Amino acid sequence: MLYSLGQRRFYALAAWPTPEPLIISDDTAEGLAERMREAETAFIRHALPVTQDRRGGARSQASAAAPQHPYPHRRAA
């Protein structure tokens, strides 16, 4: 995570391999954390194959591989 004094923004770079550099930014550290979770989820959904369920419908593997947060209902004070 980086902070730009001139821009007054927080920046994060993806730690996983991506076809092009992935840079995320937000005005607050909390907002950046949310943007990072969104990017992780989008990456997982795009990277995982879609399988068929027993009824013949498509089912994504993303929910099984998405990062789990221990306290999703808590917010920083």
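Calculation notes
- Residues numbered from 1 in each chain as written.
- Predicted model: local features only at pLDDT ≥ 70, side-chain atom pairs only at ≥ 80, totals over all residues.
- Heavy atoms only, no water.
- 1 Å grid on protein atoms, 1.4 Å probe; cavity = no way out; pocket = protein on both sides within 12 Å on 5 of 7 lines; lining within 4 Å.
- Points joined across faces, edges and corners; volume = space filled by probe spheres on them.
- Nonpolar A, V, L, I, M, F, W, Y, C, P; charged D, E, K, R; others polar.
- Buried < 20%, exposed > 50% of the residue type's maximum accessible area, 1.4 Å probe, protein only.
- Helix = DSSP H or I, 4+ residues; strand = E, 2+ residues; numbered from the N terminus.
- Pairing = 2+ DSSP bridges.
- pLDDT = per-residue confidence, 0-100.
- Axes fitted to C-alpha atoms, helices over the stretch in contact; angles between N-to-C directions.

Estimates place the volume of the second largest pocket at around 180 Å³. In this structure, the second largest pocket is lined by W16, T18, P19, E20, P21, L22, A39, A42, F43 and H46. A per-class count over the lining of the second largest pocket returns seven nonpolar, two polar and one charged.

Here we come to the pairing of strand β3 (residues 23-26). Every other side chain in a regular strand lies on the same face of the sheet, so the side chains alternate between the two faces. Along β3, the buried face is formed by I24 and D26; none of I23 and S25, which line the opposite face, is buried. In terms of strand pairing, strand β2 (residues 9-13) meets β3 through four bridges, oriented antiparallel. For L13, the partnering residue across the bridge sits in β3 and is I23.

Bringing the confidence of the model for the protein chain into the picture now. Across the protein chain, the average pLDDT comes to 77, with 64% of residues at 70 or higher. For the protein chain, the element scoring lowest by mean pLDDT is helix α2 (residues 62-65), at 49; β2 scores highest, at 96.

Next up on the list: the sheet that holds β3. The antiparallel open sheet is built from three strands, whose spatial order is β1-β2-β3. The open sheet is flanked by β1 (2-4) and β3, the only strands paired with a single partner. Put simply, the sheet's adjacent strands are angled 30 degrees from each other on average, direction ignored.

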